[in-house]
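Observations on chain architecture
Chain by chain, the residues run as shown.
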Amino acid sequence: MAYRLLLLGPLLASVLVLFVGPIGLFIYRAVDNAIIPRSLQRTVAALQPWDGMGLPPDAAFAALAADLQEIEPTRAAFLGRRLNAALPGFRSLVVKTANKLTSSDPAPARDLLVGIDRKWSEPAWWEVLKLESGRLTPFYLLASVDLVRKVDGSIEPVAPEQAIYRSTLWRTVVISLQVTLLCILLGYPTAMVLAHASPRLSGMLMLAVLLPFWASLLVRTTAWLMILQGNGPVNGLLQWLQFIQAPLEMVFNRFGLLTTMVHVQLPFMILPLFAVMRSIPREHYRAALSLGARPWYAFWKVWLPQTLPGVAAGSLICFIMSTGYYITPTLIGGPGDQMLSSLIAWQLNEVGNWGMASALSLILLLATLALCALLGRVMRTRNLFGV
Amino acid sequence: MEERLWRILGWIVCGLVLAFLLLPLLVIVPMSFTSGNLLVFPLPGLSLRWYEEVLASPAWRDAAWNSLFIGVFATILALLVGVPAAIALAGPAFAGKRLVVALVLSPMIVPIVITAVAMFFFFVEVGLVGTYPGIILAHAVLGMPFVVITVTATLSTFDWNLMRAAASLGALPLMAFRRVMLPIIAPGVASGALFAFATSFDEIVVALFLGAPDQRTLPRQIFSGVREYVSPAIAAVATLLVLLAVLLLLTTEWLRHRARKLQAAPPQA
């Protein structure tokens, strides 16, 4: 036992510290809301009794003025960014108010705040403060499926112009399905022919399937970019053959993206199909023929059902991998072909909304893990590790 | 007759699909020998100028050097943690084995953007962002599952009596591993190492998130080049990388045959 721990220890430690732990911490950002109760302690307490109707009581204004007067500028910026995610305009409101508040002003807090910015006399800003006062928030998770929680606790769809996430989720599913279907369509007959060829021949042809495996993803994407572009060889050939007059648009759109993705994913479909088909005794199909079945009928009733585990495994692998694509859509897709991963990176790099990036990652992660569990059942990884 | 027709149709489809898989990798080869400034087809003429440019360019040379350096060290780390784990996993079953297997495979499964972003946030805290050790550690984690899988597969036919024999002759476990087990599983370890190296060598997303300009790897250099415009220099680099892929493929195939041979006739100790 101690011996086994010694062997497994380094690997488990490195995976936990460098991989599982960081992912857990990152995903926690999807619900983490500590910044608000920590920076606005008094305000959160003063808003507790408020029922969310109209404007909050004077005590809440006084508490907010006290909280914002003491807040450090960097913290104000972080708080502003957090609140801005819930209601655009909050960042400047917080920073401006925190800058202008001075401890010597004797005026009532309500007049003071409204004097700095009229927004403090509008209930919307206070509703957000009350709603987002907990240590944890469902805000990002709801937002990632275009939902929002109102001050009375009800959950509603966001305004149509803000609803940008569900369409990307849907697009990710559609693109992944398109890739998977195309891979089945192209991969099934190919694997079938290879499985029936002599071992020598199929071994040689299999090299053609395996080579793209070893070529860098970036090289393959770049290659398609070069081949499909306006003055690339495909357009050149089609024009030379007089099939078309002007070059076709084949990159920076769905066609280019699907072509490249299918090219990358096809080996992942062919290999499991080939493995399953190789293990099917040929006698089954021949027996069906000798019993009088037409080839098509024998294929449909005898051959196809036995290959379904391979189809399921290949499709799941294709679909799972497709949902995580990032580089290829960035380089060869158009604006309408960006997938979930691009949205995550965009939230992080351009918007700076870490909670949103994390919530979107959680969706992708959960979908991936669920499909992998299914794949584990189909493929029986136990064969390899004996568990 | 009907059967024959289907067979011919099958071969046609198979041929087209294999062509689809191979052609893009072959088409870029002639494109890289263009004498023009743009990647237009048909080629205006043939020349080696883009290869000269790539080989003379400090940016490309640094990128290649970085990729090699990071890849080699990531592979060594992946082997150091992966091979012992594979030995434990290939041995008798134990409680919690499923969980361990799931953990081992997880870096292969989790979408790369999530891995990269999560590591970025963690590495910021510990000061590893924009450093070589940061990228090397990240790539080692990504390559480790491949090492475990290939070595476990090789060990599945390993005769554990050999280890008992070695022990009974007085060899300590480390000695028995080095002199008895390692020579037999060497092809599996070598192909695991190649997989881990290729993983690091191809990897871009983690490199984009964790790397500073200093750690610009080949994929990053290609990526930023492609985003500006696809110059024939990139075709030249891509051609060299396809050549490397062919080399890696042939090496792993050779290793697979060797492993089969070694297992068919285990050396008489």
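All of these numbers come straight from a predicted model, not from anything done at the bench.

What follows is about the overall build of chain A. Broken down by element type, chain A carries 20 helices and two strands. Relative to its length of 387 residues, chain A is extended, with a C-alpha radius of gyration of 29 Å against a globular reference of 21 Å. Counting only C-alpha atoms and orienting by the principal axes, one finds that chain A spans roughly 100 × 70 × 40 Å. Considering only contacts within chain A whose residues lie at least 6 apart along the sequence, 70% involve residues at least 24 apart. Carbon together with sulfur atoms contributes 65% to the accessible area of chain A, which is approximately 18,100 Å² in total.

This brings us to the interface of chain B and chain A. Tallying the contact residues gives 82 residues for chain B and 81 residues for chain A. Carbon and sulfur atoms supply 85% of the area buried between chain B and chain A, which totals about 7,500 Å² over both sides. The largest contributions to the chain B side of the interface with chain A come from B:Phe20, B:Leu21 and B:Phe121, which together make up 9% of the buried area. Here chain B is connected to chain A by zero salt bridges.

Here the focus is the environment of A:Pro281. Residues and elements named next belong to chain A. Of note, Pro281 is situated in the loop between α14 (254-278) and α15 (282-290). Residue class for Pro281 comes out partly exposed when judged on its relative accessible area of 36%. When the C-alpha atoms of Pro281 and Trp303 are compared, they prove to be 9.7 Å apart, with 22 residues separating the residues in sequence.

Below, the discussion takes up helix α5 (residues 112-125) of chain B. For α5(B), which comprises 14 residues, the first-to-last C-alpha distance of 20 Å matches the rise-based estimate of 20 Å (1.5 Å per residue) to within 8%. A large share of α5(B) lies buried, amounting to 10 of its 14 residues. Every buried residue of α5(B) is listed here: B:Val113, B:Ile114, B:Thr115, B:Ala116, B:Val117, B:Ala118, B:Met119, B:Phe121, B:Phe122 and B:Phe123. In this structure, the buried side of α5(B) is in contact with α1 (2-28), α18 (340-351) and α19 (354-379) of chain A together with α6 (132-155) and α9 (205-210) of chain B. Once α5(B) ends, the next one or two residues include B:Gly127, with phi positive near 70°.

Time to look at a nonpolar patch on the surface. On the surface, a nonpolar cluster with roughly 730 Å² of combined accessible area is contributed by B:Trp65, B:Leu68, B:Phe69, B:Val72, B:Phe73, B:Ile76, B:Leu77 and B:Leu80. Given the relative accessible area of 31%, B:Phe69 is considered partly exposed.

The next point concerns the nonpolar core. A:Leu11 and A:Ile270 are the most contacted members of the largest nonpolar core, which totals 163 residues. Here A:Leu11 is in contact with B:Val81, B:Gly82, B:Ala85, B:Val104, B:Met144 and B:Val148, once residues within four sequence places are set aside. With 31 residues, the next largest nonpolar core counts A:Ala46, A:Ala63, A:Leu64 and A:Leu101 among its residues.

Before going further, it helps to examine the packing of helix α12 (residues 217-228) of chain A against helix α10 (residues 218-228) of chain B. At a closest axis distance of 10 Å, the pairing of α12(A) and α10(B) adopts a crossing angle of 20°. Judged on the interaxial angle alone, α10(B) and α12(A) are roughly parallel. Classified by chirality, the crossing of α10(B) by α12(A) is left-handed. Of the residues in α10(B), those in contact with A:Leu218, A:Thr222 and A:Leu225 of α12(A) are B:Pro219, B:Ile222, B:Phe223 and B:Val226. Grouping the amino acids of the contact of α12(A) with α10(B) by side-chain chemistry returns six nonpolar, one polar and no charged.

With that settled, consider the packing of α1(A) against helix α4 (residues 97-109) of chain B. In contact at an axis separation of 10 Å, α1(A) and α4(B) are set at 50° when each is read in the N-to-C sense. In terms of orientation, α1(A) lies oblique with respect to α4(B). Crossing of α1(A) against α4(B): the hand is left-handed. In contact with A:Leu8, A:Leu11, A:Leu12, A:Val15, A:Leu16, A:Phe19 and A:Val20 of α1(A), α4(B) contributes B:Val100, B:Leu103, B:Val104, B:Ser106 and B:Pro107.

Next up on the list: the confidence of the model for chain B. Regions with low pLDDT should not have their predicted coordinates read in detail. Residues and elements named next belong to chain B. Confidence along chain B averages 90 in pLDDT terms, with 97% of residues attaining 70 or more. By mean pLDDT, helix α11 (residues 232-264) is the weakest element of chain B at 87, and α5 is the strongest at 96. Here the predicted complex scores 0.90 on pTM and 0.90 on ipTM.

All right, on to the packing of aromatic side chains then. With the rule as written, the count across this model stands at 22 aromatic pairs over all chains. An angle of 40° between the planes, with centres 5.5 Å apart, marks the rings of A:Trp224 and B:Phe20 as tilted. Linking A:Trp224 in helix α12 with B:Phe20 in helix α1 (residues 2-32), this pair reaches from one chain into another. Considering the side-chain rings of B:Phe197 and B:Phe201, the 5.2 Å spacing of their centres and the 25° angle between planes classify their relative orientation as stacked.

Moving on, we get to α1(A). Taking 1.5 Å of rise per residue, the 27 residues of α1(A) would be expected to cover 39 Å, yet its terminal C-alpha atoms sit only 34 Å apart, more than 12% below that figure. The principal kink in α1(A), of about 45°, is found at A:Leu8, preceding the proline A:Pro10 by one to four residues.

Going through the model one piece at a time under the given rule, you end up with eight salt bridges over all chains. Ionic pairing is found between A:Arg82 and A:Glu132, a salt bridge with its closest N-O pair at 2.8 Å. Here A:Arg82, found in helix α5 (residues 73-86), pairs with A:Glu132, found in the loop between α8 (123-131) and α9 (139-143); they are 50 residues apart in sequence, far enough to count as distant. With a relative accessible area of 6%, A:Arg82 lands in the buried category. Relative accessible area serves as the criterion here: at 3%, A:Glu132 is assigned to the buried category. In this structure, B:Arg256 engages B:Glu253 in a salt bridge whose closest nitrogen and oxygen atoms are separated by 3.1 Å. Of this pair, B:Arg256 and B:Glu253 are both found in helix α11, three residues apart, which corresponds to roughly one turn of the helix.

The next point concerns the side chain of B:Thr239. Residues and elements named next belong to chain B. Of note, Thr239 is situated in helix α11. The exposure class of Thr239 is buried, given its relative accessible area of 9%. Within the local environment of Thr239, its side chain forms a polar contact with the backbone oxygen of Ala235, the two atoms lying 2.7 Å apart. With sequence-adjacent residues up to four places away left out, Thr239 is seen in contact with Ile28, Val29, Ser32 and Tyr51.

Take the side chain of A:Ser39 next. Residue and element names in this part refer to chain A. Mapping Ser39 onto the fold places it in helix α2 (residues 35-39). Within polar-contact distance, the side chain of Ser39 engages the backbone oxygen of Ile35 at 2.2 Å. Apart from residues no more than four positions distant in its own chain, Ser39 is found in contact with Asp67, Ile71, Arg75 and Leu79.

Definitions and limits used
Residues numbered from 1 in each chain as written. Chains lettered and ligands numbered in written order. Predicted model: local features only at pLDDT ≥ 70, side-chain atom pairs only at ≥ 80, totals over all residues. Heavy atoms only, no water. Helix = DSSP H or I, 4+ residues; strand = E, 2+ residues; numbered from the N terminus. Rg over C-alpha atoms; globule rule 2.2 N^0.38 Å. Contact = heavy atoms within 4.5 Å. Areas by Shrake-Rupley, 256 points an atom, 1.4 Å probe, with all protein chains shown as cover. Buried area = accessible area lost by both parts, 1.4 Å probe. Salt bridge = Lys/Arg side-chain N within 4 Å of Asp/Glu carboxyl O. Buried < 20%, exposed > 50% of the residue type's maximum accessible area, 1.4 Å probe, protein only. Expected span 1.5 Å × (residues − 1). Patch = residues over 30% accessible without salt bridge, like charges linked within 9 Å, V, L, I, M, F, W, Y side chains within 5 Å. Core = buried A, V, L, I, M, F, W, Y, C linked by side-chain atoms within 4.5 Å. Axes fitted to C-alpha atoms, helices over the stretch in contact; angles between N-to-C directions. Parallel < 35°, antiparallel > 145°, perpendicular 65-115°, else oblique. Left-handed = near helix turned anticlockwise from the far one by under 90°. Nonpolar A, V, L, I, M, F, W, Y, C, P; charged D, E, K, R; others polar. pLDDT = per-residue confidence, 0-100. Phe/Tyr/Trp six-rings, centres within 6.5 Å; stacked < 30°, edge-to-face > 60°. Bend = angle between axes of the 7 residues up to and from the residue. Polar contact = N/O pair within 3.5 Å; in protein donor to acceptor, adjacent residues only side chain to side chain.

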